[in-house]
Amino acid sequence: MFDNMTEQEARQQILEMVSQYCDTYHNKKKEFRPGDRISYASRVYDHEEMVNLVDSSLEFWLTSGRYTDEFEKGLSEYLGVKYCALVNSGSSANLVAFMTLTSPLLGDRQVKRGDEIITVAAGFPTTVTPVIQYGAVPVFVDVTIPQYNIDVTKLEEAYSPKTKAVMIAHTLGNPFDLKAVKDFCRKHNLWLVEDNCDALGSRYTIDGNTKFTGTIGDIGTSSFYPPHHMTMGEGGAVYTDNPLLNKIIRSFRDWGRDCVCPSGRDNLCGHRFDRQYGELPLGYDHKYVYSHFGYNLKATDMQAAVGCAQLKKFPSFVERRKHNFARLKAGLAGTEEKLILPEACENSDPSWFGFLITCKEGTDRNKAVQYIEENGIQTRMLFAGNLTKHPCFDQMRGSKEGYRICGDLKNTDRIMKDTFWVGVYPGMTDEMIDYMAGTIKKAVLI
């Protein structure tokens, strides 16, 4: 088949066939009919993602390469940050972000074992997991309803001389009160890590300047798992404007090494064999000098190739999420006696990941959810609900060192008992949104 072709011609023919294959067998539009299954999230893609994926596989570089460089550059430009490091998941992104704060290169601001990190229990566990695994102490603060983010009036109460950082997520795309949290961190010289995994594309206006969430704190993280705002299958990113933090981020991601040379390239600094590090002999190969106890958390170039195509579509994804959220909220008008509907944080423009609903007294969440699911609509809880109630905390309960709760977690417990959410992902049509609204109404009004 390829006998009379150059490699480039053969490659081009393969990619054209892949494009045709995708258009023929993937993403066939099907008219929605009431009762058809509506997932809370799904991939939205076309032949561009598949062509990029095969293009990368034909190179067979496999590890991070040119598509990784392109993606890191593209996401940095989109967000308006100086540095971006691609990793293999959002959970890895949170791990790298937190561990970066433990680097001795940070001097007096280094997070050490026993130091405290302010966070919330109403969220996803891997925002907190790195803190516990390292030996720092999470301090859990309650959240507000209907924003579902940290109650900033509790921050000063949560603070202690051991506090070194605040690490919290923007819940389902709704930014937390960044001005209040940022002012608190500035007052006490604390690090701020924004878990932006559910909020990529959200904006917040602070001091008259509108910026993307994830770029206002010291470090931001993203996830590219299939249900998220964009996908590359598995994948995540860590981003910052701070050059020292970027150096540490890349070190922890890349085995903990001191060298900054990317895979397959040597001696960019020109000093690979002429310096002395630690107690190693003079001239020890810099590619094998380790300044941190790191990991290998790189993504593959095939993942990055998919991400590059997704990034081009991403602004339209954000707008569709906003449209779907607004339409669903309008469709649920009249349920206010039964349900608490979500509200955006003041000064924010959310890129909604989902639509959170809290049942008022007299409305049984379990019955409502079962009715909604039986009618073809997928639902989700707000992740852990109250993380401290889960089995992973069994051995820590009663310990004065493992974690601390500031005040009570009244709203967190209510979310655990009364809250659920449905999706607003960009593949949803108006017909699907309207059906969801009608079904939710029936679930709580019957």
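Residues numbered from 1 in each chain as written. Predicted model: local features only at pLDDT ≥ 70, side-chain atom pairs only at ≥ 80, totals over all residues. Heavy atoms only, no water.

Visitor: Just checking my understanding: could you explain the overall build of the protein for this structure?
Guide: Per the secondary structure count, the protein includes 12 helices and 14 strands. Its C-alpha radius of gyration of 23 Å places the protein within 12% of the 22 Å reference for a compact globule of 446 residues. Viewed in the frame of its principal axes, the protein has a C-alpha envelope of about 75 × 70 × 45 Å. In the protein, buried positions account for 54% of the 446 residues. Residue pairs at least 24 apart in sequence account for 73% of intrachain contacts in the protein once pairs closer than 6 positions are excluded. (Helix = DSSP H or I, 4+ residues; strand = E, 2+ residues; numbered from the N terminus. Rg over C-alpha atoms; globule rule 2.2 N^0.38 Å. Buried < 20%, exposed > 50% of the residue type's maximum accessible area, 1.4 Å probe, protein only. Contact = heavy atoms within 4.5 Å.)

Visitor: I would appreciate a short explanation of the sheet that holds strand E9 (residues 236-240) in the present structure.
Guide: Pairing between the strands of a sheet is mediated by backbone hydrogen bonds and can be parallel or antiparallel. Here eight strands make up an open sheet; going across it, the order is E1-E9-E8-E5-E4-E2-E3-E13 and the pairing mixed. Unpaired on one side and paired on the other, strand E1 (83-87) and strand E13 (404-405) mark the two borders of the sheet. Here strand E4 (residues 163-169) pairs with strand E5 (residues 191-195) via five bridges, running parallel. Bridged to Ile168 within E5 is Glu194. Those strands touched by helix H3 (residues 66-79) are E1 and E9, and its axis lies near 130° from that of E1. Against the sheet, helix H7 (residues 178-188) touches strand E2 (116-120), E4 and E5, its axis set at about 150° to E5. (Pairing = 2+ DSSP bridges. Axes fitted to C-alpha atoms, helices over the stretch in contact; angles between N-to-C directions.)

Visitor: What is the right way to read the confidence of the model for the protein from this model?
Guide: Detailed conclusions should not be drawn from predicted coordinates in areas where pLDDT is low. Averaged over the protein, the pLDDT score is 96; the fraction of residues at 70 or greater is 99%. Mean pLDDT across the elements of the protein ranges from a minimum in helix H1 (residues 7-25), with 95, to a maximum in E5, with 99. (pLDDT = per-residue confidence, 0-100.)

Visitor: Explain the packing of H3 against helix H9 (residues 301-331) to me, please; I cannot follow it from the model alone.
Guide: Between two packed helices, both the angle of their axes relative to each other and the distance between the axes serve to describe the pair. Contact geometry of H3 with H9 gives a least axis separation of 7 Å together with a crossing angle of 25°. The angle between H3 and H9 places the two elements in the roughly parallel class. Between H3 and H9 lies a crossing of left-handed hand. Contact residues: Arg66, Tyr67, Thr68, Glu70, Phe71, Gly74, Leu75 and Tyr78 in H3; Asp301, Ala304, Ala305, Gly307, Cys308, Leu311, Phe314, Pro315 and Val318 in H9. (Parallel < 35°, antiparallel > 145°, perpendicular 65-115°, else oblique. Left-handed = near helix turned anticlockwise from the far one by under 90°.)

Visitor: What exactly am I supposed to notice about the nonpolar core here?
Guide: Within the largest apolar cluster, 34 residues are counted, with the highest numbers of intra-cluster contacts made by Ile118, Ile150, Val166 and Val181. If you list the elements that add at least two residues to this core, you get E2, strand E3 (137-141), helix H6 (155-158), E4, H7 and strand E6 (203-206). In terms of residue count, the dominant contributor to this core is H7 (four residues). The next biggest cluster of nonpolar side chains, apart from the first, holds 28 residues, and it includes Ile38, Val422, Ile433 and Val444. (Core = buried A, V, L, I, M, F, W, Y, C linked by side-chain atoms within 4.5 Å.)

Visitor: When you look at the packing of aromatic side chains in this model, what are you seeing that I'm missing?
Guide: Each pair of aromatic rings is reported with the distance of its centres and the angle of its planes. Throughout the structure, instances matching the rule amount to 16 aromatic pairs. Ring centres of Tyr78 and Phe314 lie 5.4 Å apart, and the angle between their planes is 85°; on these two criteria the pair is classed as edge-to-face. Remark: Phe314 occurs in helix H9 and Tyr78 occurs in helix H3; sequence separation between them is 236 residues. By relative accessible area, Phe314 is classed as buried at 0%. Ring geometry for Phe383 against Trp421: centres 6.2 Å apart, planes inclined by 70°, an arrangement best described as edge-to-face. With Phe383 in the loop between helix H10 (365-374) and E13 and Trp421 in strand E14 (residues 419-423), the pair connects residues that are 38 residues apart, well separated along the chain. Given a relative accessible area of 28%, Phe383 falls into the partly exposed group. Residue Trp421 is classed as buried on the basis of its relative accessible area of 1%. Put simply, the rings of Tyr40, Phe124, Phe353, Phe383 and Trp421 pair up and form one aromatic cluster. The ring of Tyr67 has Arg66 sitting right over it, with the charged end atom 4.3 Å from the ring centre. (Phe/Tyr/Trp six-rings, centres within 6.5 Å; stacked < 30°, edge-to-face > 60°. Lys NZ or Arg CZ within 6 Å of the ring centre and 35° of its normal.)

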